Amino acid sequence: MTHTYTRRDFLRLAGMGTAAMALPTSDLFAADYIKPNVIVILADDQGFADIGVHGCKDCRTPNIDSIARNGIRFTNGYTSCPVCSPMRAGLQTGRYQQRFGFYHNPPKDLDRTNWGLPLDQKTFAQYMKEQGYVTAAIGKWHLGDNEPFHPNKRGYDEFFGFVGGAHNYMHPESGSFNAVQRNGKPVDEKEYLTYAFGREAVSFIERNKKKPFFLYLAFNAPHSPLQAAVRDQEKFPEIQDQRRRTFAQMQLAMDNCIGDVLKKVREAGLEEDTLIVYMSDNGAPTPGNTSRNDPFKGFKTQVHEGGIHVPFMMQWKGKIPAGKTYDKPVISLDLLPTAVAAAGGKIASNVDGVDLMPYITGKKTGSPHRALFWHFDKQSAIRMGDWKLSRHEDKGIRLHNLANDPTEKTDLAHEDRDKVAELLAEWERWSADNVKPMWPSKADAPWTNETW
Ligand code: CA
């Protein structure tokens with residue numbers, strides 16, 4: 001087969017440097033093979049029902065919705081943890097975070113000197129750098145307060161953001177460990193934080209549009225505190241609840257920034273060369289920020305669907321069919337292997353996530369995962385096919401068939417004990433490969449692996 005290389009091909013091959021040389025010849029000369037840029041956009045504490053494409057009526061998220069319209073929407077998209085930090089440990093490694101003991105957010109009184117994503121765990125950015133990518137993390141990190149754990153030390157060429165778990169939107173918190181920083185140096189940021197992250201993301205794309213790039217854009221919006229940008233504070237006058245109005249304004253700011261990123265990609269002529277993923281890190285903490293999980297039961301911190309079943313979508317023009325949905329369960333751990341495979345890399349055998357592209361495009365049928373698993377504090381869950389077994393604190397074991405009962409209303413544990421035993425055995429097999437938590441959920445919380 002003959003293939004005429006375009007200017008775009010040469011630019012991108014040139015940008016790959018030594019990684020290009022390491023690629024098998026068959027890959028280099030495969031027709032139309034271009035290493036795609038990868039943009040992972042993460043929202044923070046946005047519930048399933050907070051976006052237009054899931055039926056939200058009071059907020060406006062046209063740009064987020066456009067990713068679903070131009071790509072694929074995962075109707076059973078999950079996060080590996082119902083809170084922020086462990087979820088990010090899973091996303092950054094493609095591994096269930098329990099494999100290396102990262103079960104919980106660090107408790108307030110934990111000595112955090114050596115706290116963070118363990119340094120022996122290979123990160124998303126490190127994988128992408130091996131493939132010749134330029135890498136950036138923009139936004140919230142939450143995987144280590146001190147320098148050895150910072151993004152710049154974990155494979156990210158550039159970092160603009162903060163390292164803690166939450167941040168004031170209006171001032172840079174100068175002088176604290178959590179100051180807004182650029183590559184380790186505090187910056188006196190004047191812009192509303194969400195818009196600052198959007199600005200930096202667009203700048204990174206502009207500066208690196210001729211190379212394959214990996215951008216991890218982790219907004220802290222719409223996580224508390226509830227603070228809107230001055231420019232948005234008159235929006236949504238029809239929303240009566242002041243807190244919900246502010247929430248809608250915060251989401252609007254994030255959506256505007258995502259629109260700017262999508263526009264920059266389009267204007268740079270990179271839409272066909274860019275895989276863009278959007279998801280929320282965990283379900284809505286409704287009392288905290290008014291976000292919503294309808295129709296699901298439960299909230300952030302719980303392994304009910306409301307804590308783990310999140311907005312999840314992906315676009316890649318020309319490669320991913322537009323406007324489709326995919327219903328088999330997928331999980332945040334899948335982002336890394338999907339991106340690394342698209343970049344031409346090999347995925348380590350210890351990665352739990354799965355390259356979703358063959359499933360999305362129909363090359364592979366069946367489910368990407370035999371089962372998905374959760375273990376957070378005294379809660380555990382497994383989803384296998386339509387079945388979900390879960391344990392919530394001391395409230396016993398529950399069994400639900402999510403095909404008939406997506407809102408987990410009807411507990412079938414006493415009616416189908418064989419199914420309970422089957423799922424329990426599957427979970428125990430998974431758990432056998434995990435290690436103990438590196439720190440407890442609370443300073444005085446005893447650890448037990450007798451979770452069922
Ligand atoms: Ca979160």
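Points about the packing of helix α4 (residues 62-69) against helix α8 (residues 242-267)
Then comes step 1: Look at α4 against α8: their axes get within 7 Å of each other, and the N-to-C directions meet at 50°. It follows from the interaxial angle that α4 and α8 lie oblique. The segment α4 lies against α8, with Pro-62, Asn-63, Ile-64, Ser-66 and Ile-67 engaging Met-254, Asp-255, Asn-256, Ile-258, Gly-259 and Leu-262.
Then comes step 2: A class-by-class count of the residues in the contact of α4 with α8 yields 6 nonpolar, 4 polar and 1 charged.

Some details on the packing of aromatic side chains
Then comes step 1: Scanning all chains against the criterion turns up 20 aromatic pairs.
Then comes step 2: Clustering of aromatic rings is evident, with ring pairs tying together Phe-124, Trp-141, Tyr-156, Phe-214 and Tyr-216.
Then comes step 3: When the ring centre of Trp-115 is taken as origin, the NZ or CZ atom of Arg-112, which lies over that ring, is 4.9 Å away.

As for the coordination of the calcium ion
The expected angle between donors at a tetrahedral four-coordinate metal is 109.5 degrees. At an octahedral six-coordinate metal it is 90 or 180 degrees.
Then comes step 1: Protein coordination of the calcium ion is provided by Asp-44 (OD), Asp-45 (OD), Cys-84 (SG), Asp-281 (OD), Asp-281 (OD) and Asn-282 (OD1), with donor distances spanning 2.2 to 2.7 Å.
Then comes step 2: Taken together, the 6 donor atoms coordinating the calcium ion span angles of 52 to 159° at the metal, a pattern that classifies the geometry as irregular.
Then comes step 3: Of note, the donors binding the calcium ion are all from one chain and are spaced D-D-x38-C-x196-D-N. Note that Asp-45 is positioned in the loop between β1 (37-43) and α4 and Asp-281 in the loop between β9 (274-280) and α9 (286-289), a separation of 236 residues in sequence. Here Asp-45 matches Asp-281 in class, with each residue buried.

So, helix α11 (residues 335-342)
Then comes step 1: For α11, the tally of buried residues reaches 7 of 8 residues, placing the bulk of the element in the interior.
Then comes step 2: Along α11, the positions that sit buried rather than exposed are Leu-335, Leu-336, Pro-337, Thr-338, Ala-339, Val-340 and Ala-342.
Then comes step 3: In the stretch just after α11, Gly-344 is the one whose phi turns positive, near 95°.

Quick word on the nonpolar core
Then comes step 1: With 52 residues, the main nonpolar core has Phe-74, Phe-124, Met-128, Phe-214, Tyr-216, Met-314 and Leu-335 as its most contacted residues.
Then comes step 2: The element contributing the most residues to this core is α11, with 5 residues.
Then comes step 3: For Phe-74, the residues in contact, after removing those within four places along its chain, are Phe-312, Met-313, Met-314, Tyr-326, Val-330, Leu-356 and Ile-360.
Then comes step 4: Of all hydrophobic cores here, the second largest spans 41 residues; its members include Ala-136, Leu-193, Met-250 and Val-261.

With respect to the environment of Leu-226
Then comes step 1: Mapped onto the elements of the fold, Leu-226 is located in the loop between β8 (213-218) and α8.
Then comes step 2: Once the C-alpha coordinates of Leu-226 and Arg-243 are considered, the two residues, 17 residues apart in sequence, prove to be 7.1 Å apart.
Then comes step 3: Those residues in contact with Leu-226 that sit more than four places away from it in its chain are Arg-243, Thr-246, Phe-247, Met-250, Gly-288 and Asn-289.

Comments concerning the side chain of Thr-338
Then comes step 1: Within the secondary structure, Thr-338 sits in helix α11.
Then comes step 2: Filtering out sequence-adjacent residues up to four positions away, Thr-338 remains in contact with Leu-275, Met-314, Val-354, Asp-355, Leu-356 and Met-357.

Some thoughts on the pairing of strand β14 (residues 379-384)
Then comes step 1: Of all 6 residues in β14, 6 are buried; the element is thus mostly enclosed.
Then comes step 2: Of the two faces of β14, the one carrying Gln-379, Ala-381 and Arg-383 and the one carrying Ser-380, Ile-382 and Met-384 are both buried.
Then comes step 3: Here 5 bridges tie strand β13 (residues 372-376) to β14, and the two strands are oriented antiparallel to one another. Across the sheet, the residue bridging to Leu-372 is Arg-383, located in β14.
Then comes step 4: What sits between the antiparallel neighbours β13 and β14 is a turn of 2 residues, in which Asp-377 has the positive phi angle 55°.
Then comes step 5: As judged from the 5 bridges shared by β14 and strand β15 (residues 387-391), these two strands associate in the antiparallel manner.

Here we look at the sheet that holds β15
Then comes step 1: Strand order in this open sheet of 4 strands is β13-β14-β15-β16, and the pairing throughout is antiparallel. Taken across any chain shown, the strands that pair with only one partner, and hence form the sheet edges, are β13 and β16 (397-401). Here the average twist between neighbouring strands, direction ignored, is 10°.
Then comes step 2: Sitting on the sheet, helix α13 (residues 417-431) touches β13, β14, β15 and β16, and the angle it makes with β14 is about 110°.

What to know about the domain arrangement of the protein chain
Then comes step 1: As assigned here, the protein chain comprises domain 1 (32-361) and domain 2 (372-451).
Then comes step 2: Once you take the C-alpha centre of each, domain 1 and domain 2 turn out to be 26 Å apart.
Then comes step 3: Residue-level contacts link 34 residues of domain 1 with 33 residues of domain 2.
Then comes step 4: Considering only the surface of domain 1 that becomes buried against domain 2, Tyr-103, His-104 and Val-303 emerge as the three largest contributors, covering 26% of it.
Then comes step 5: The interface formed by domain 1 and domain 2 includes 1 salt bridge.
Then comes step 6: The salt bridge partner of Lys-388 is Glu-305, with a shortest N-O separation of 2.9 Å.
Then comes step 7: For the pair domain 1 and domain 2, the number of links is 19 residue pairs in polar contact (both at pLDDT 80 or more).
Then comes step 8: At the level of secondary structure, the elements contributing two or more residues to the side of domain 1 that touches domain 2 comprise α10 (305-308) and β12 (330-331).
Then comes step 9: Within the side of domain 1 that touches domain 2, the residues separate by chemical class into 20 nonpolar, 10 polar and 4 charged.

Quick notes on the pattern of salt bridges
Then comes step 1: Per the stated rule, a full pass over the model turns up 30 salt bridges.
Then comes step 2: Close ionic contact of Lys-129 with Asp-157 constitutes a salt bridge, the shortest N to O distance being 2.8 Å. Taken together, the positions of Lys-129 in helix α6 (residues 124-130) and Asp-157 in the loop between β4 (134-140) and β5 (158-162) put the pair 28 residues apart, joining distant regions of the chain.
Then comes step 3: Its relative accessible area of 34% is what places Asp-157 among the partly exposed residues.
Then comes step 4: We note a salt bridge from Arg-199 to Glu-191, for which the minimum N-O separation is 2.7 Å.
Then comes step 5: Exposure remark for Glu-191: the relative accessible area of 33% places this residue in the partly exposed category.
Then comes step 6: Several salt bridges share partner residues, and in doing so they unite Arg-182, Glu-189, Glu-191, Arg-199 and Glu-200 into one network.

Calculation notes
Residues numbered from 1 in each chain as written. Predicted model: local features only at pLDDT ≥ 70, side-chain atom pairs only at ≥ 80, totals over all residues. Heavy atoms only, no water. Axes fitted to C-alpha atoms, helices over the stretch in contact; angles between N-to-C directions. Helix = DSSP H or I, 4+ residues; strand = E, 2+ residues; numbered from the N terminus. Parallel < 35°, antiparallel > 145°, perpendicular 65-115°, else oblique. Contact = heavy atoms within 4.5 Å. Nonpolar A, V, L, I, M, F, W, Y, C, P; charged D, E, K, R; others polar. Phe/Tyr/Trp six-rings, centres within 6.5 Å; stacked < 30°, edge-to-face > 60°. Lys NZ or Arg CZ within 6 Å of the ring centre and 35° of its normal. Donors = N, O, S within 2.8 Å, 3.2 Å for Na, K, Ca; no water. Tetrahedral: all angles 85-135°; square planar, octahedral: opposite > 155°, others 65-115°. Buried < 20%, exposed > 50% of the residue type's maximum accessible area, 1.4 Å probe, protein only. Core = buried A, V, L, I, M, F, W, Y, C linked by side-chain atoms within 4.5 Å. Pairing = 2+ DSSP bridges. Domains from an automatic or database assignment. Buried area = accessible area lost by both parts, 1.4 Å probe. Salt bridge = Lys/Arg side-chain N within 4 Å of Asp/Glu carboxyl O. Polar contact = N/O pair within 3.5 Å; in protein donor to acceptor, adjacent residues only side chain to side chain.

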